[in-house]
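What follows is the residue order along each chain.
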Amino acid sequence: MALQLYNEQFESRLLLGTAAYPNPEILRAAVRKSQPAMITVALRRQGANSAEHGQGLWGLLQELDLPILPNTAGCLSVQEAVTTAQMAREVFATDWIKLELIGDDHTLQPDVFQLVQASDILIKDGFKVLPYCTEDLIACRRLLDAGCQALMPWAAPIGTGLGPVHEYALHVLREHLPDTPLLVDAGLGLPSHAAAVMEWGFDGVLLNTAVSRSGAPVLMAEAFAQAVKAGRLAYEATPVVPRHNAQASTPQLGQPFWHYPDYND
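Structure report, in brief. (Residues numbered from 1 in each chain as written. Predicted model: local features only at pLDDT ≥ 70, side-chain atom pairs only at ≥ 80, totals over all residues. Heavy atoms only, no water.)

### Remarks on the overall build of the protein chain
Step number 1: When helices and strands are counted, the protein chain shows nine helices and ten strands.
Step number 2: Within the protein chain, the proportion of its 265 residues that are buried is 49%.
Step number 3: Taking the intrachain contacts of the protein chain between residues at least 6 apart in sequence as the baseline, contacts between residues at least 24 apart amount to 65%.
Step number 4: For the protein chain, the accessible area works out to roughly 13100 Å², and carbon and sulfur atoms hold 53% of it. (Helix = DSSP H or I, 4+ residues; strand = E, 2+ residues; numbered from the N terminus. Buried < 20%, exposed > 50% of the residue type's maximum accessible area, 1.4 Å probe, protein only. Contact = heavy atoms within 4.5 Å. Areas by Shrake-Rupley, 256 points an atom, 1.4 Å probe, with all protein chains shown as cover.)

### Structural notes on the packing of aromatic side chains
Step number 1: Within this structure, the stated rule accounts for three aromatic pairs.
Step number 2: When the centroid spacing of 5.7 Å and the interplanar angle of 90° are considered together, the rings of Y6 and W96 count as edge-to-face. Within this pair, whereas Y6 is found in the loop between β1 (3–5) and β2 (8–10), its partner W96 is found in strand β6 (residues 96–99), the two being separated by 90 residues in sequence.
Step number 3: Judged by its relative accessible area of 10%, Y6 is buried.
Step number 4: When the ring of F10 is compared with that of W96, the centres are 5.9 Å apart and the planes differ by 70°; the resulting orientation is edge-to-face. Here the residue F10 occupies a position in strand β2, and W96 occupies one in strand β6, the gap between them amounting to 86 residues.
Step number 5: For the cation-ring pair, K98 lies above Y132, with the distance from its terminal atom to the ring centre recorded as 5.6 Å. (Phe/Tyr/Trp six-rings, centres within 6.5 Å; stacked < 30°, edge-to-face > 60°. Lys NZ or Arg CZ within 6 Å of the ring centre and 35° of its normal.)

### Looking at helix α5 (residues 137–145)
Step number 1: For α5, every residue scored as buried is listed here: L137, A139, C140 and L143. Buried residues along α5 cover an arc of 160° about the axis, so they all sit on one side.
Step number 2: At its buried positions, α5 is contacted by α4 (112–124), β7 (128–133) and α6 (167–176).
Step number 3: For α5, the side-chain oxygen to backbone nitrogen distance between the N-cap and I138 is 3.1 Å, and the N-cap itself is D136.
Step number 4: Phi turns positive, to about 115°, at G147, one or two residues after α5. (Arc of directions from axis to C-beta. Polar contact = N/O pair within 3.5 Å; in protein donor to acceptor, adjacent residues only side chain to side chain.)

### Quick notes on the packing of α4 against α5
Step number 1: The geometry of α4 relative to α5 is characterised by a closest axis approach of 9 Å and an angle of 15° between their N-to-C directions. Considering their axes alone, α4 and α5 lie roughly parallel with respect to each other. The element α4 and its partner α5 pack so that their crossing is right-handed. For the pair formed by α4 and α5, the contact residues are V112, L115, V116 and S119 on the first element and A139, R142 and L143 on the second. (Axes fitted to C-alpha atoms, helices over the stretch in contact; angles between N-to-C directions. Parallel < 35°, antiparallel > 145°, perpendicular 65-115°, else oblique. Left-handed = near helix turned anticlockwise from the far one by under 90°.)

### Some words on the environment of A42
Step number 1: Mapped onto the elements, A42 comes out in strand β4 (residues 38–42).
Step number 2: A sequence separation of 27 residues divides A42 from L69, and the C-alpha atoms of the two residues are 8.7 Å apart.
Step number 3: Excluding residues that lie within four positions of it along the chain, A42 makes contacts with N71 and A73.

Laid out in structure tokens, this is it:
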């Protein structure tokens, strides 16, 4: 089943960032190889008339012809985030916004208190807000109360590549918000990390550093795209419950495997 966010459907469950690629050609190839649902861009890095690596990213975004998810990277206050989002809507002609409101310059941890305030303002202004948040269940509930219809909890601090460091909290979040689209954003470093969170029932992942700063971004983009698909397929297939007692996996002569007591578990 397709990913659904704010009543819109997307075939891919991967979202891809556009920062820190070696050059625009590699970015173009990585996006085309992975075919993400959306590509993210920060207004602070890119206006419609600026250039990056000698070529305007704006022109490249238009060429790729994929939905754009602007973000408010670097914003430290509610007013700054709201103003940036409103400017992004004008520049990129979209109501989608990845809302980032940073509370700590070292870890880039979201300020969940200001995040709720900014979400409330932007949703009332007609935005489709995807808030970058922590995995804290109470903070996530407050964001839902503010009107957010999907959340983007981190796995670990931005750019660390540590993978899901608070696995228990992520499982709790998924269990207690079963009907909310949850996309893991930040901290994933390996395709196996993406596959794992997808197997746990998360709805998608957003990546940047793990792809753009890898030794071969195009190959890594493809690897992550396949990992996201594999993890989702595994979740939908309902993995077996781990058990501590060993059981024979091969039927004995004269006893078909469908007669085994656990065949229909």
